[in-house]
Amino acid sequence: MAELNPPQQEAVTHIHGPLLVLAGAGSGKTRVITRKIVHLIREQQVAPGHICAVTFTNKAAREMKSRVGEALQGHNSRGLMVSTFHHLGLQILRKDIERLGYRGNFSVIDPGDSLGMVRNLLREANGPSDLAEAIQSRISRFKNDGVFPEEARADDRLGQEAAHIYTTYQRSLSACNAVDLDDLILLPTRLLQDDAEARYAWQDRIRYLLVDEYQDSNGAQYRLIKSLLGTRHNLTAVGDDDQSIYSWRGAAAGNLDRLAQDFPNLKVVKLEQNYRSTGRILQAANMVIAQNPHFFEKRLWSTLGDGHSIRALRCANEADEAEQVVNAILRDRFQRQGEYRDYAILYRSNHQARPFETALRNARIPYQISGGLSFFERSEIKDFLSYLRLLVNPDDDPAFLRAVNTPRRSIGSSTLERLGAFAKERNLSLFAALWDDALDVPDKARIALHGFAGWVNLKTDEIGKTELIPALQSLPEEIGYLQYLQNEGDEKDAARRWENIQELLNWMQRLQEQDDGPQTLAEILNRLMLFNVLEREEDDDRDVLRLSTLHAAKGLEFPQVFLVGAEEELLPHRNSETPEQIQEERRLFYVGMTRARFRLTLSLCRKRRRYGQDVHPEPSRFLQEIPKEHLDWQGDQNPEEEMDPTAAFARLREMLGKP
DNA sequence: AAAAGGCTATTTTTT
DNA sequence: ATAGCCTTTT
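To keep things clear, this report deals only with the structure shown in the data block.

The rules behind these values
- Residues numbered from 1 in each chain as written.
- Chains lettered and ligands numbered in written order.
- Predicted model: local features only at pLDDT ≥ 70, side-chain atom pairs only at ≥ 80, totals over all residues.
- Heavy atoms only, no water.
- Pairing = 2+ DSSP bridges.
- Helix = DSSP H or I, 4+ residues; strand = E, 2+ residues; numbered from the N terminus.
- Axes fitted to C-alpha atoms, helices over the stretch in contact; angles between N-to-C directions.
- Buried < 20%, exposed > 50% of the residue type's maximum accessible area, 1.4 Å probe, protein only.
- Core = buried A, V, L, I, M, F, W, Y, C linked by side-chain atoms within 4.5 Å.
- Contact = heavy atoms within 4.5 Å.
- Near = heavy atom within 4 Å.
- Polar contact = N/O pair within 3.5 Å; in protein donor to acceptor, adjacent residues only side chain to side chain.
- Nonpolar A, V, L, I, M, F, W, Y, C, P; charged D, E, K, R; others polar.

Below, the discussion takes up the sheet that holds strand E6 (residues 208–211). As summarised here, the arrangement of the six strands in space is E3-E2-E6-E7-E1-E8, forming an open sheet in which the pairing is parallel. Each edge of the open sheet carries a strand with a single partner, namely strand E3 (81–84) and strand E8 (267–271). Going from strand to strand, the sheet's axes swing by 15° on average, the running direction of each strand aside. In terms of strand pairing, E6 meets strand E7 (residues 235–239) through three bridges, oriented parallel. Paired with Leu209 across the strands is Leu235, a residue of E7.

See below:
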């Protein structure tokens, strides 16, 4: 096992009381957390069940778990909790949600369903339903800030509307016995705040709490952390304020200094030795980030030598940019006989990926792109999951609405409207309401509804009795979904969708087979809701180039990074105006730079097409913040000393106003 | 129930 | 420019 440097050692062996580890980019923060867990178990004889490590992503949790497993070398780790914040919340709710007035078979609904709910509520309140998204995100913001419905206040119209809808939205959720993703944090907060018995139980369970990427925590998560700590204060918070790039989602990097105020005996350790990047990259990154105000000062250093200068490419336009970058990669890979996965192209916003995709396809370079449709947004997956959700929790209205007519069961919209109104009136779920004799619908509709609901009940019984996954295997066919797919689109499409469903079933099986994995359908489903992509380990092994937004690149590293579109209006983004927003853009730039191990290339265009118009972007201000001696302009394309013949020619043509 | 037309947005999205 | 989404139309 690699030796720890002195500050790392200090962080690992500080056992009692609150600790903040300021971990610069590439300074080995994951190593500190994993080693500390191992230290607690092996040297301090702490039972693994009393240790809880929290991350933000499933991937980080998975990695940490496997690294701890390796380092423990057979030491028992039974009961050790290494999970995402949301998974921790889910575990708390799984045990205690009944104390909050929900029934045990609750479902977690996806953001799409939650938007639909908001839309319906707005319609009922005859508010403007085109604002549903804005309202939903304000509600989500309330929840992320740790604000309960009755506490929600706002200064602006939209916020007040959102505060109002928040209350009714929460009531609808609870009528469906459902929670949304934000509730996985907020409800546990409420539980621990209001219910002393539960609070003590959880505080006794979690005696050592370690939080990764602490700068990304939001107000609700901070509240949750504090409640879990009780009086013991055994917190290890690891984070880097310079990598806080999610403030627009409610992340509060201020949670770092807040620790210093809330815990007077807070111990602070700085990790400043960087093991990732060569000197010039680091010095440049330091200079850039030094332009931001700091509560804690850090200065990264490295023993890896100066390395290359930072290369800067000035390109004629976005197509040229893509071509130059791809050519540079092809050339370099050929020279080194390296792999595609050694290179990453990073950009501020998704649309910038387009020209790069084209260029990569032309060059036959395999790539993987961040973002895109998540597995769970595919309609066949949503359909199938609706059925499963209904089997667990028939009161799940969004699931009911989707499943009841997919495939069509000749239940018309007027029937569903009547059912909805009736259910609302009596405060029942749709499923409960459809049995009521007082429901006024045509006999034909009633029979259809009863038929469907009866099937749900039968199937629920059936899967309770047999092996779970095989029982589900036959479900798509049983409901005529296969037929439906074939009627819908062409054959190839139907086959692909069918395979996606099989893929989902395989995944459920894998989850079930994990150590302390979810067992019942309810557990598996709720666990699934916390993923957004289909996770397969073999995906990590593919030799593909990475195209990614700067946001999605956080936490990753690559031998070579191409940070493209280093232009004003793009990075910093044109919507960022306030000093705080510019600072966040700067952190984004900093995150991009520090992903690179030994070669960093920046690129920018002279001309770019935006909303159908040609614009001539200025070089990003962040470029000016890099010391000149570290910047190596390719050709003589330095913006100050123009210019390269081809670019000059391009520019001339452009001035003459021709293609 | 499907097609067509029109309108609007167009930053980032760990769960 | 363009795509995606919503409404209206047939």
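We are not done yet, so read on.
Turning next to unusual backbone geometry. That bond from Leu571 to Pro572 is cis: its omega, 5°, falls within 30 degrees of zero. Although it is not a glycine, Asn177 adopts a positive phi angle of roughly 55°. Its location among the elements puts Asn177 in the loop between helix H7 (157–175) and strand E5 (178–179). On the accessibility criterion, Asn177 (0% relative accessible area) is buried.

What follows deals with the nonpolar core. With 54 residues, the main nonpolar core has Leu388, Phe400, Leu504, Met508, Leu521 and Leu528 as its most contacted residues. Among all residues touching Phe400, those that are not within four sequence positions of it are Leu390, Leu419, Leu430, Phe431, Leu434, Leu449 and Phe452. Judged by nonpolar contacts, the second largest core, of 35 residues, contains Ala25, Phe589, Leu602 and Leu623.

This next bit is on the sheet that holds strand E13 (residues 558–563). Strands sit in the order E11-E12-E10-E13-E14-E9-E17 across an open sheet of seven strands; the sheet is parallel. Each having just a single partner strand, strand E11 (367–369) and strand E17 (631–633) make up the two edges of the open sheet. Each adjacent strand pair in this sheet contributes to an overall mean axis angle of 25°, direction not counted. One ladder, built from three bridges, connects strand E9 (residues 310–315) with E17; its direction is parallel.

On to the protein's contact with DNA strand B. Taken together, 20 residues surround DNA strand B, and among them Arg249, Arg348, Asn350, Asn532 and Thr549 come closest. Taking Arg348, its side chain carries an N or O atom lying 2.4 Å from a base oxygen of DNA strand B. Take Leu530: an N or O atom from its main chain is 3.2 Å from a sugar or linking oxygen of DNA strand B. Class assignment for the residues of the surface near DNA strand B results in five nonpolar, eleven polar and four charged.

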